[in-house]
Amino acid sequence: MEKFQTFLKMSKIVVGLSGGVDSSVAAATLHHQGHEVVGLTLWLMKGKGQCCSEGMVDAAQLCEELGVPHHIVDSRDTFQANIVDYLVAGYQAGITPLPCSQCNRTVKFGPMLDYARRELGAEAIATGHYARVRFNDNTQRYELLRAVDRNKDQSYFLYDLTQEMLGSLHFPLGEQTKAETRQMAEQFGLHTATKPESQDLCLIEHHGSMGQFLEKYLAPKPGDIVDTQGRVLGRHTGVHNYTIGQRKGLGVAAAHPLYVVALDVGRNQVIVGDRASVHYPDCTVHRVNWVSAAPPTEPLSVMVQIRYRSTAVPATLVPLDASLETSGSRVQLVFAEAQFGVTPGQAAVWYDGDRVLGGGIIEPLPVQSRVDAALAQASAPT
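Starting from 1, residues in each chain are numbered consecutively following that chain's sequence as written. Since the coordinates come from a predicted model, pLDDT governs what is reported: local features require at least 70, and pairs of side-chain atoms require 80 or more to be given and counted, while whole-chain, interface and lining totals use all residues. In computing side-chain properties, one takes all heavy atoms of the structure into account and sets aside hydrogens as well as water.

Undergrad: Break down the confidence of the model for the chain for me, with residues and values.
TA: Every residue is assigned a pLDDT by the predictor, reflecting its confidence on a scale from 0 to 100. Taken residue by residue, the chain gives an average pLDDT of 89. The fraction at 70 or more is 90%. The contact criterion used is simple: two residues touch if any of their non-hydrogen atoms lie within 4.5 Å. Predicted confidence is poor over residues 1-7, with pLDDT under 50, and the contacts of this stretch with residues over four places away or in other chains come to 15 contacts.

In structure tokens:
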């Protein structure tokens, strides 16, 4: 752990501040430990709205309370290109993109570290994320770990970080619970101590809902809701308003609950089936990043999360690329038991205990393949 201990002795640390209680306590903790703290807030949203403006005001007030500098970096164009455009293109193509992991790598941590080095002469950055980083002397790699507080663990969203980023990162809250963070905020006398916790994606908070966000970019395109046999059951408002596994809001009367099985952009159809038809025995993952370990050349037993709030489940990871590159590769995940609602565009992240090995984006299946899989699952013996 020698390199990690050296990192903790660094005197100048740039702390990413959102204006919330978590990042506030992270900054206050490092400040009280004697580090030279510099606050940094990224301005992400274009147009009018309270999400960024309130956060910037709270972050500035915190820095004033601590007596530390505060910098604001205009990242609106970067956020638009890497997150907003990425989301719109994904929904338009019939997938459900996960913006957070991409945002962490391309909008937040990468640019933050670059700004810290170029403009502030600092080699360390910190945030209020609930996760941990350690250095493994045996592998000579930095490792990303789950937070102690499993209810707040955010390692799922951080799988796409690089070794360079991990080597400069500090998560002051990784060893504590959310309740302890609130207590520390009160002890430090921070004005954010009682600030409500953010519950949604920043885009949802900014626009009200994902549907309202998409309305700004995608026009309604009504079409048919059909079952796996092709029978028309109802009408939809646009495939971008639906996601695999969705049950609510279909507006279709049936003898049993129906779930979205596939989104056929070409035919402009939403295909539905019963719950059994939305269970999948495996999936293929691309844009893989091995954050804490070297890519394997043989099948590997792992625990996998296919969405943020899901429980990790056992699976066999099968490498599909001969290349040992740390990104851009593909793997197949074969689940020990078929999983509900495996959603293209979302992240699959695999673990060894608390250690995040890597992750990537779930690939879409061809529509007919997904329908065939749904029919096979629905007819399989229980």
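Undergrad: Lay out the pairing of strand E1 (residues 12-16) with the relevant residues and their values.
TA: Counting buried residues in E1 gives four out of five residues, a clear majority hidden from the surface. For E1 and strand E2 (residues 36-43), the ladder comprises five bridges, and the chain directions are parallel. Bridge pairing in E2 places Val14 opposite Val38. Between any two strands, at least two bridges found by DSSP are needed for them to pair. Comment: elements are numbered from the N terminus, with helices defined as DSSP H or I runs of at least four residues and strands as E runs of at least two. In this sheet, strand E4 (residues 124-126) lies alongside E1 in parallel orientation, the contact comprising three bridges. Looking across to E4, one finds that Val14 is bridged to Ile125. Each residue is assigned to one of three classes by its accessible area relative to the maximum for its type, calculated with a 1.4 Å probe on protein chains only: buried under 20%, partly exposed between the two thresholds, exposed over 50%.

Undergrad: Please set out the side chain of Gln346 residue by residue, giving values where relevant.
TA: Position of Gln346 among the secondary structure elements: in the loop between strand E15 (329-340) and strand E16 (347-352). Note on Gln346: relative accessible area 16%, which makes it buried. Aside from chain neighbours lying at most four places away, what touches Gln346 is Thr96, Pro97, Leu98, Ile306, Gly360, Ile361 and Ile362.

Undergrad: Please provide a residue-by-residue account of the sheet that holds strand E3 (residues 70-74), values included.
TA: Working definition: the strands of a sheet are paired by backbone hydrogen bonds and lie parallel or antiparallel to each other. Across the sheet, five strands lie side by side as E3-E2-E1-E4-E7; this open sheet has parallel pairing. A single partner strand is all that each edge strand has here, and the edge strands are E3 and strand E7 (169-170). Summarising the sheet, E4 and E7 pair through two bridges and their orientation is parallel. From the neighbouring strand, Ile125 faces E7, where its bridge partner is Leu169. Each axis is a line fitted through C-alpha atoms, taken for helices only over the stretch in contact, and angles between the N-to-C directions span 0 to 180 degrees. Against the sheet, helix H5 (residues 99-120) makes contact with E1, E2, E3, E4 and E7, and its axis sits at roughly 130 degrees relative to E2, the strand it touches most.

Undergrad: Lay out the packing of helix H4 (residues 76-92) against H5 with the relevant residues and their values.
TA: Contact pair H4 / H5: the axes reach a minimum separation of 10 Å and the direction vectors enclose 160 degrees. Taken as axis vectors, H4 and H5 run roughly antiparallel relative to one another. H5 is crossed by H4, and the crossing has right-handed handedness. On H5, the residues touching Thr78, Phe79, Asn82, Ile83, Tyr86 and Leu87 of H4 are Pro99, Gln102, Cys103, Thr106 and Val107. Residues are sorted three ways: Asp, Glu, Lys and Arg are charged, Ala, Val, Leu, Ile, Met, Phe, Trp, Tyr, Cys and Pro are nonpolar, and all the rest, Gly among them, are polar. Residue composition of the contact of H4 with H5, by class: seven nonpolar, four polar and no charged. Oblique is the label for any angle not covered by the other classes, which are roughly parallel (under 35 degrees), roughly antiparallel (over 145) and roughly perpendicular (65 to 115). Crossing chirality is assigned from the near helix's rotation relative to the far helix, an anticlockwise turn below a right angle marking it left-handed and a clockwise turn marking it right-handed.

Undergrad: Account for the environment of Pro172, naming residues and giving values.
TA: Examined against the element boundaries, Pro172 turns out to sit in the loop between E7 and helix H7 (178-188). A residue is classified by how much of its surface remains accessible, and Pro172, at 12% relative accessible area, is buried. The sequence separation of Pro172 and Arg117 amounts to 55 residues, and the corresponding C-alpha distance is 20 Å. Not counting chain neighbours up to four residues away, the residues in contact with Pro172 comprise Ala26, Leu30, Ala126 and Thr127.

Undergrad: Can you tell me about the environment of Leu66, naming the residues and giving the values?
TA: Its place among the elements puts Leu66 in helix H3 (residues 50-66). A residue is classified by how much of its surface remains accessible, and Leu66, at 11% relative accessible area, is buried. Taking the C-alpha atoms as reference, Leu66 lies 9.1 Å from Leu190; in sequence the two are 124 residues apart. In contact with Leu66, not counting residues within four places along its chain, are Ala27, Ala28, His31 and Leu190.

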